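# Structure at a glance
Residue strings, one per chain:
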Amino acid sequence: MKKRTTLVLLGIVSLLFSLWGCNKEFEPIVLSGNWDLDTNGVMVYIIYNPVVSADYPNTIKFLEKNLQKIRRELMKPQKITFKAPNIVDFSYNDVPLPVRGNFTQKDGFFTIINPLFPDGIIGASDNIKLQLYYDYDRLMSILYLLLTDEDDPPAIYDELIEKFEGVGSYRKSY
């Protein structure tokens, strides 16, 4: 888990450095256009409560076994299209029409609100790479969908997982 956490933090730090490089003029961030999924940049990491994790080794195994399923959920949408003035479409392979929403932008950071993210999802871009940041609540809702009657109840996962975050990564289409 430490390796994954380090990778997420390095990705965020590198994005921030590229946004505010020391020896170059600030380049305005332009979100307009198509952004395609970069599967290599999609990450999920979990920090467990060490006291609770000792009591639930099978729950930890379940999470390890299903981490890739959760990661695959973050690989949706396959394409994000930003349109002027503040329209954004999420395109999915299995859905014929895009999910439309609005976005607000401040420098390299933005917030998207659409039917899938009524409270908004935040992201950042450096004009080459775009990242969406998935919070604890969103990832827990994905996890709950994976649980069956044979698995531990959701309350155990709530107690076990201290931090649960993910990053969806996209590259500008040309």
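Data block above holds the structure.
## Quick notes on the pattern of salt bridges
- Per the counting criterion, the structure on display carries 5 salt bridges.
- Asp 36 is the salt-bridge partner of Lys 79, the closest N and O atoms lying 3.9 Å from each other. Of this pair, Lys 79 sits in strand β3 (residues 79-83) while Asp 36 is found in strand β1 (residues 33-37), placing the two residues 43 residues apart along the sequence.
- Classification of Lys 79 by relative accessible area gives partly exposed; the value is 30%.
- With a relative accessible area of 29%, Asp 36 lands in the partly exposed category.
- Residue Arg 171 pairs with Asp 38 through a salt bridge whose shortest N-O separation is 3.5 Å. Linking Arg 171 in strand β9 (residues 161-172) with Asp 38 in the loop between β1 and β2 (43-48), this pair joins segments that are 133 residues apart in sequence.

## Side note on the side chain of Asn 66
- Looking at the secondary structure, you find Asn 66 in helix α3 (residues 57-73).
- Residue Asn 66 is classed as buried on the basis of its relative accessible area, which comes to 3%.

## Re the nonpolar core
- Residues Phe 82 and Leu 132 are the most contacted members of the largest nonpolar core, which totals 39 residues.
- It is α3 that contributes the most residues to this core, 5 residues altogether.
- Not counting chain neighbours up to four residues away, the residues in contact with Phe 82 comprise Leu 31, Ser 32, Gly 33, Trp 35, Ile 87, Val 88, Phe 103, Phe 110, Ile 112 and Leu 130.

## Some thoughts on helix α4 (residues 136-146)
- For α4, every residue scored as buried is listed here: Leu 139, Met 140, Ile 142 and Leu 143. Viewed end-on, α4 has its buried residues packed into an arc of 160 degrees, placing them on one side of the element. Opposite the packed face of α4, turned more than 90 degrees from it, sit the exposed residues Asp 137 and Leu 145.
- Turning to α4, the residues buried within the fold contact α3, β8 (129-134), α5 (154-160) and β9.

About the criteria used
Residues numbered from 1 in each chain as written. Predicted model: local features only at pLDDT ≥ 70, side-chain atom pairs only at ≥ 80, totals over all residues. Heavy atoms only, no water. Salt bridge = Lys/Arg side-chain N within 4 Å of Asp/Glu carboxyl O. Helix = DSSP H or I, 4+ residues; strand = E, 2+ residues; numbered from the N terminus. Buried < 20%, exposed > 50% of the residue type's maximum accessible area, 1.4 Å probe, protein only. Core = buried A, V, L, I, M, F, W, Y, C linked by side-chain atoms within 4.5 Å. Contact = heavy atoms within 4.5 Å. Arc of directions from axis to C-beta.

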